[in-house]
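Architecture at a glance
Residue-level listing of the chains:
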Amino acid sequence: MKKLSYLVVLLIALFVIPFGVLADEAADTTATEVPVEEVSKEVPIYFFFGDGCSYCAAAEAWFKEIEAEYGSKFEVKGYETWYIQENADLMQIVAKARKGTADGVPYIIIGDQSWAGFADEYKSEILSKIDTVYEQDVNTRY
């Protein structure tokens, strides 16, 4: 009789446990999904700069100038590289990963495009890239 009860417990364990594990895995999958309404549509602009760099200051001033018209479309994420070594290292790692170089600042990244330095001719390219990335589905941007 004891052997029969052990056999019944073993059979129950063999049939119940796998279904419980599958249920937990399904619950975990849905828990990691982020609802679209919670994802920001703003385009991140990664802005590596040096404190005291005149080109960087010009780029920063220009980003502030366009905030009235474009401010809801982008967010500048700044990284000072002259006095914060971790940010300088990060800039080099990012540039290398993008198969490019970052020989100086400012180094601006929007989506799959980057600019080394800052000049008036970059402004229209940057605005166009902001618009292009902003119109993309946030889940398939990069």
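Structure: see above.
Everything in this summary refers to the structure shown in the same document. (Residues numbered from 1 in each chain as written. Predicted model: local features only at pLDDT ≥ 70, side-chain atom pairs only at ≥ 80, totals over all residues. Heavy atoms only, no water.)

**Overview of the overall build of the chain**
The criterion, for reference: Strands here are runs of E lasting at least two residues and helices are runs of H or I lasting at least four, both read from the DSSP assignment and numbered beginning at the N terminus. Any residue under 20% of the maximum accessible area for its type is buried, any over 50% is exposed, and the rest in between are partly exposed; the area is computed with a 1.4 Å probe on protein chains only.
In terms of helices and strands, the chain carries 5 helices and 4 strands. N-terminal to C-terminal, the α/β element order of the chain is α-β-α-α-β-α-β-β-α. Residues counted as buried form 28% of the 142 residues belonging to the chain.

**Observations concerning the packing of aromatic side chains**
What counts here: Any two rings among Phe, Tyr and Trp, with Trp reduced to its six-membered ring, count as a pair given centres within 6.5 Å; such a pair is stacked if its planes are under 30 degrees apart, edge-to-face if over 60, and tilted if neither. Charge-over-ring contacts are defined here by two conditions on Lys NZ or Arg CZ: a distance within 6 Å of the ring centre and an angle within 35 degrees of the ring normal.
In the structure shown here, the tally under the stated rule is 7 aromatic pairs. Note on phenylalanine 47 and phenylalanine 63: the rings are 5.8 Å apart at their centroids and 75° apart in plane angle, and the pair reads as edge-to-face. Taken together, the residues phenylalanine 47 in strand S1 (residues 43-49) and phenylalanine 63 in helix H2 (residues 54-65) connect sequence positions 16 residues apart. For the residue pair phenylalanine 47 and phenylalanine 63, the accessibility class agrees, reading buried in each case. Ring geometry for tryptophan 62 and phenylalanine 63: centres 5.5 Å apart, planes at 50°, overall tilted. Cation over ring: lysine 41 sits above tyrosine 134, and NZ or CZ is 4.7 Å from the ring centre.

**Brief notes about the pattern of salt bridges**
Stated precisely, the cut-off is as follows: Counted as salt bridges are all cases of a side-chain nitrogen of Lys or Arg within 4 Å of a carboxyl oxygen of Asp or Glu.
According to the stated counting rule, one finds 4 salt bridges in the structure shown. Between aspartate 131 and lysine 73 there is a salt bridge, and its shortest N-O distance comes to 2.8 Å. Taken as a pair, aspartate 131 in helix H5 (residues 120-135) and lysine 73 in the loop between helix H3 (67-70) and strand S2 (74-80) lie far apart in primary sequence, 58 residues in all. Put simply, lysine 123 and aspartate 120 hold a salt bridge, and the shortest N to O gap is 3.1 Å. Residue lysine 123 and its partner aspartate 120 are both found in helix H5; the two are separated by 3 residues, about one turn of the helix.

**Concerning the environment of proline 44**
Relative to the elements of secondary structure, proline 44 occurs in strand S1. The spacing of proline 44 and glutamate 75 is 31 residues in sequence and 5.0 Å in space, taken between C-alpha atoms.

**Some details on the sheet that holds strand S4 (residues 113-116)**
Keep this limit in mind: Only strands that DSSP links by at least two bridges are regarded as paired with each other. Axis lines are fitted to C-alpha atoms, over the contacting stretch for helices. Their N-to-C directions set the angle, which ranges from 0 to 180 degrees. Contacts are assigned to residue pairs with any non-hydrogen atoms lying within 4.5 Å of each other.
In space, the 4 strands of this open sheet follow the order S2-S1-S3-S4, with mixed pairing throughout. Every interior strand has two partners, whereas the edge strands, S2 and S4, have only one. Direction aside, neighbouring strands of the sheet carry axes that sit 15° apart on average. Against the sheet, H5 engages S1, S2, strand S3 (107-110) and S4, with an angle of about 160° to S4.

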